[in-house]
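So you can see what is in the structure, the chains are spelled out below.
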Amino acid sequence: MTEERPGSALLWERDEEVAAIERAVDSLCTGHAPAGRFLVLRGEAGLGKTALLGEAHRIAELRGCTVWSARAGETLRSVPYNVVRQLLQPALLALLPEEAREYLGDWFDIAGPALGIIEPGGRNPDPGSVCDGLVRVVRRLARREYPLVLLVDDAHWADLETLRWLAELCVRLEDTSVLVLVTSRPGEISGERAEYLQRVVDAAGAVTSLRTLTPDATAGLTRDTVGRHADDPFCREVWAVTGGNPYETVELLAKVRDAEMEPVESSAHELRDLNRAARGGGLVSRLDKLGIEATRFAWAAAILGAGITVDLVAELATLRPAVAVRCAGILCEARILTAPDPLGRQPAAGELEFTHPLIESAVYNSIPDSLRTAMHGIAARVVTDSGRGAAAASRHLLQVHPDDDEEVVEQLREAARAHLAVGAPAAARACLERALREPPRPEAHPRVLYELGCATLLTAPAVTIGHLRDALALPGLDVCDRVDAVVRLSQALLHNDQVGEAIRTVRAEAARHEHGPARLRLKACQFLWEGIHAAEADSPDRSRHLTELASACTGRDNAERALLIVHGFDVMMRGGDADEVVAICDRALVNGRLAPGVGWTDSGWGFELPLMIAAIYAYTDRLDRAEALFAEAVREYETAGWSGGHVSLSYGYLGLALRRRGRLREAETTLRESLRLADRVGRRLPLHWTAFCNLVDTLIARGRPEEAMEVAERYEFGAPYPSTILLPDARSIRGRLLLAVGRTEEGIEELEAAGRTAAERGHRNHLVAPWAADLARALADRDPARAAELAATVRAGAERSGTWTAIGEALRCEAALAPRHRALELAGRAAKTLEDSPCQYEHAAARVEYGELAESVAELRRGLDLAEACGADAVADRARRALRRLGASD
């Protein structure tokens, strides 16, 4: 159809698109949609995407919707959260501060700084958690402002942080009554921003690719604009010179009307020249005709890009106030600038914007290169002087040529800190990389490299490695900063799965220092990485040296506390006395709690130390302490605004504690959440292994081995295994899984390999690496002597450890291999021993096994009750079958 839609000539031949928008809005308003919807309009420049968003705004408001809109800008791509702030900030600022805090709850402190409604706190948030917080803000506001419509124009120019948020939002609208409509051009961007935008497109409920106008539609638009008497040859020429591009057609026809051209065949030859004057170089020529002062005003407005006010432009363009006001009027009359549409948001007094993104781009690109660079430098000062801060000025500084300016370096460093404080490490990285090109003074150079390495630690460990190595290669870092840089470098290597290199790095640095606090910290870090390195061979000298160092430690500082924790972990993994291990760890605590500086969110040591001490408690039958520590990790990470790998790992180990305690249902739920979070970070990372290894073990315990195998296959559970050790041992759990699904030969082979690996590392804790007991059961019929030897090994290890769980499990293993009369005695002792253990799943299994052998209805019912409470369905079913054989009811 060629009928004109209300409000814009750019909507010709867009009836299908408008109808789709109307259906989506109606579905939102009537509540027929079970979830929110995400629509994408794609098309080249000038095809009417912006006009369609304007029509969507009109339609939604007519139906009583709350509508918030935002537009990305070509020159604003380096401004983090620019677009999401435009969308959400006005609504939140309209609330009283206490009202907003109460409404958003815990997410207020996480998302508030990114939205610019509160000052950042003292700790840099994880960008993943900020993204989560912004998604939660929309979900909560959608309930308050129902029905809510969000409009985002030119998403291809959106900042990285906004695109990440959009990508996350579009897959989490399942129960959120909000309609999101996004426009973008295809093929405009690359890299990480392109990946996020493609995720938005892939997840959208509908993607509409706009087409150029047909000749008939162009003719209808021409006659509607310049007169019904426009003849066919003239209309065909309009279509030919514009290619059916709606924006170019409308602009050309406006020129025809302004020139009072007669729309007939004899005038058609003038259209090509007139079209060139309406865009590109022609637009620049038209701007020149408005005068040098108006041109300077337009250039300054394009440099600013956002927050364009007459006062600010006047200062940047060095125009007198009265002249600036006159220029603004001239540019508005020429349809280059306009007042912002108050329907989209409430503009500031005197605020202006470009009438169309194409005009803004043409004006910006028309500025001579050297002048554009100089104007960005002036704009940085103007923006800073206006009180908007270093972060707002940084996008201009990024465009300035390096000039050995110490002040620019400091401004960029300040901007990087501001970006990190709101969860935008990519923006911080851009500032610091630009600061290096200035370059910094020699004494400041290693500090900038160090700050750059810290900024990329969570998001790009491989990049961090290079920057920190460069910083350490330069003179200028004092001892404290140098040691801190080495520790952070080793952490980055660890996150990049280069544990061996991390160990060599801290070992080499430790050798440079005399005995004292710095050397002690580095040695503690060395032992820490060696303790979790899966490829590290058993070294009695290492354990002896660690014991000697730890024996002199009283826990008076964090270096000593770290050594104590690593020593306790080493003793635990070697199967030492559990009471001794716990006593060592208790010396590393302060009043029974983690010491300041070695907590979950403290960057000086990293999360590995509290993880170690919690794991020690998990395998020494102090499960109440382990569960409390892992729950504390989840709370601290979420409160601090960390929701990426750290929270995934904390959920994974909380699931381990719940699995060890026997709360299998809760363990499964927690481990699935750990996997969901891990999937957002990457694939086959150590945190993935922790989650799916424990989930597989939990599903086996619940009696669902086939489902466990599905998880294992989805996550490629098998060799090659990660370079960091896993709790429980991954090979042992894979062997257990293979036995559970009937792949006995493969299971035996995997368990034998697990035993060899444990021996190489000197790991003799059969709760952490339960290969021997499972292998003994698998070999009971085919190799009884080997099975008995393995059972004796498990029993000896349990007696060394001394925990009720280890001893009970060893007795269960012996009972499974013994003749009936001996098995009855051993099973009874196992059930009684495990009664004192906090591991209720093992107690339930032992109680049922004893009940079967003793043919005791009371024992079976007791085991059934325990199994049902644990969620151990297979054990419960076994108890029910045994009760029916004895003629007793369940």
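Preceding this section is the structure that the text describes.
Residues numbered from 1 in each chain as written. Predicted model: local features only at pLDDT ≥ 70, side-chain atom pairs only at ≥ 80, totals over all residues. Heavy atoms only, no water.

J.: So what's going on with the sheet that holds strand S2 (residues 66-71)? Residues and values would help.
T.: Read across the sheet, five strands follow the order S2-S3-S4-S1-S5 without closing on themselves; strand pairing throughout is parallel. Across the chains shown, the open sheet's two edge strands, defined by having one partner strand only, are S2 and strand S5 (206-209). Ignoring which end each strand starts from, the neighbouring axes of this sheet average 15° apart. Across the sheet, helix H2 (residues 49-62) lies against strand S1 (37-42), S2, strand S3 (148-153) and strand S4 (178-184), angled at about 165° from S3, the strand it touches most. (Pairing = 2+ DSSP bridges. Helix = DSSP H or I, 4+ residues; strand = E, 2+ residues; numbered from the N terminus. Axes fitted to C-alpha atoms, helices over the stretch in contact; angles between N-to-C directions. Contact = heavy atoms within 4.5 Å.)

J.: Please give an account of the nonpolar core that cites residues and values.
T.: Among the nonpolar cores identified, the biggest contains 105 residues, and Trp-529, Phe-569, Trp-600, Phe-630, Leu-727 and Trp-771 are the most heavily contacted of them. The element contributing the most residues to this core is helix H28 (residues 558-573), with ten residues. If we ignore the near neighbours within four places in the chain, the residues touching Trp-771 are Ser-732, Leu-751, Ala-754, Gly-755, Ala-758, His-766 and Leu-790. (Core = buried A, V, L, I, M, F, W, Y, C linked by side-chain atoms within 4.5 Å. Buried < 20%, exposed > 50% of the residue type's maximum accessible area, 1.4 Å probe, protein only.)

J.: Any details on the packing of aromatic side chains? Residues and values, ideally.
T.: Tallying each qualifying case throughout the model produces eight aromatic pairs. Plain terms: the ring middles of Phe-692 and Tyr-715 are 5.5 Å apart, the flat faces sit at 20° to each other, and that makes the pair stacked. Of this pair, Phe-692 sits in helix H34 (residues 686-702) while Tyr-715 is found in the loop between helix H35 (705-714) and helix H36 (730-740), placing the two residues 23 residues apart along the sequence. Its relative accessible area of 0% is what places Phe-692 among the buried residues. Feature note: the residues Trp-689, Phe-692, Tyr-715, Phe-717 and Tyr-721 constitute an aromatic cluster, connected by ring pairs. (Phe/Tyr/Trp six-rings, centres within 6.5 Å; stacked < 30°, edge-to-face > 60°.)

J.: Break down the side chain of His-763 for me, citing the residues and quoting the values.
T.: Here His-763 is to be found in the loop between helix H37 (744-761) and helix H38 (771-778). What makes His-763 buried here is its relative accessible area of 16%. Excluding its chain neighbours within four sequence positions, the residues that come into contact with His-763 are Met-573, Ile-725 and Ala-758.

J.: Go over the environment of Gly-604 with me, naming the residues and quoting the values.
T.: The residue Gly-604 is located in the loop between helix H29 (578-587) and helix H30 (608-618) in this model. For the pair Gly-604 and Glu-315, spaced 289 residues apart in the sequence, the C-alpha separation amounts to 45 Å.

J.: Summarise helix H15 (residues 310-317); cite the residues concerned and give the values.
T.: When you tally the buried positions in H15, you get six out of eight residues, the bulk of the element. Among all positions of H15, only Val-310, Leu-312, Val-313, Ala-314, Leu-316 and Ala-317 are buried. Taken together, the buried residues of H15 touch helix H14 (292-304), strand S6 (308-309), helix H16 (321-333), strand S8 (351-354) and helix H18 (369-385).

J.: Summarise the pattern of salt bridges; cite the residues concerned and give the values.
T.: All chains considered together, the criterion is met by 68 salt bridges. Between Glu-433 and Arg-429 there is a salt bridge whose closest N-O contact spans 3.0 Å. Of this pair, Glu-433 and Arg-429 both sit in helix H21 (residues 425-437), four residues apart, which is roughly one turn of the helix. The class for Glu-433 is partly exposed, based on a relative accessible area of 27%. Of the residues examined, Arg-429 reaches a relative accessible area of 27% and is grouped as partly exposed. Salt bridges here are not isolated pairs; linked through shared partners, they connect Glu-668, Arg-672, Arg-702, Arg-704, Glu-707 and Asp-873. (Salt bridge = Lys/Arg side-chain N within 4 Å of Asp/Glu carboxyl O.)

J.: Provide a residue-level description of empty space enclosed by the protein, including the pertinent values.
T.: By the definition in use, this model includes four cavities of 30 Å³ or more. The space that makes up the second largest cavity amounts to roughly 80 Å³. Mapped by element, the contributors of at least two residues to the lining of the second largest cavity are H2 and helix H17 (357-366). (1 Å grid on protein atoms, 1.4 Å probe; cavity = no way out; pocket = protein on both sides within 12 Å on 5 of 7 lines; lining within 4 Å. Points joined across faces, edges and corners; volume = space filled by probe spheres on them.)

J.: Residues and numbers for the packing of H14 against H18, please.
T.: At a minimum axis distance of 10 Å, the contact between H14 and H18 shows a crossing angle of 65°. Judged by the angle between their axes, H14 and H18 are roughly perpendicular. Relative to H18, the crossing made by H14 is right-handed. Across the interface between the two elements, Trp-299, Ala-300, Ile-303 and Leu-304 from H14 touch Leu-371, Arg-372, Met-375, His-376, Ala-379 and Val-383 from H18. A breakdown of the residues in the contact of H14 with H18 according to their chemical character gives eight nonpolar, one polar and one charged. (Parallel < 35°, antiparallel > 145°, perpendicular 65-115°, else oblique. Left-handed = near helix turned anticlockwise from the far one by under 90°. Nonpolar A, V, L, I, M, F, W, Y, C, P; charged D, E, K, R; others polar.)

J.: Residues and numbers for the sheet that holds strand S7 (residues 337-338), please.
T.: Spatial ordering of the open sheet is given by S6-S8-S7, a layout of three strands whose pairing is antiparallel. Each having just a single partner strand, S6 and S7 make up the two edges of the open sheet.

J.: Pulling in residues and values, what's your account of a negative patch on the surface?
T.: A contiguous patch of negative charge, built from Asp-403, Asp-404, Asp-405 and Glu-407, is present on the exposed surface. Tracing the backbone through its elements, the reader meets Asp-404 in the loop between helix H19 (389-397) and helix H20 (406-421). (Patch = residues over 30% accessible without salt bridge, like charges linked within 9 Å, V, L, I, M, F, W, Y side chains within 5 Å. Areas by Shrake-Rupley, 256 points an atom, 1.4 Å probe, with all protein chains shown as cover. Lys, Arg positive; Asp, Glu negative; His and termini not counted. Charge placed at Lys NZ, Arg CZ, Asp CG, Glu CD.)

J.: Help me get a handle on the state of the cysteines, residues and values and all.
T.: Under the criterion given, the structure shown has zero disulfides. The thiol sulfur of Cys-170 is not disulfide-bonded, and the nearest other cysteine sulfur, from Cys-131, lies at 10 Å. Not engaged in a disulfide, the cysteine Cys-332 finds its nearest cysteine sulfur in Cys-327; these two sulfurs lie 11 Å apart. (Disulfide = S-S within 2.5 Å.)

J.: Tell me about unusual backbone geometry, residues and numbers included.
T.: A cis amide bond, omega -10°, links Tyr-146 with the succeeding residue Pro-147. Inspection of the secondary structure puts Pro-147 in the loop between helix H6 (127-144) and S3. For the bond from Ala-719 to Pro-720, the omega torsion is 0°, close enough to zero to count as cis. Within the fold, Pro-720 resides in the loop between H35 and H36. With a phi close to 55°, Asp-404 is a non-glycine residue in the positive phi region.

Take it as geometry only, folks, not as evidence of what the structure does.
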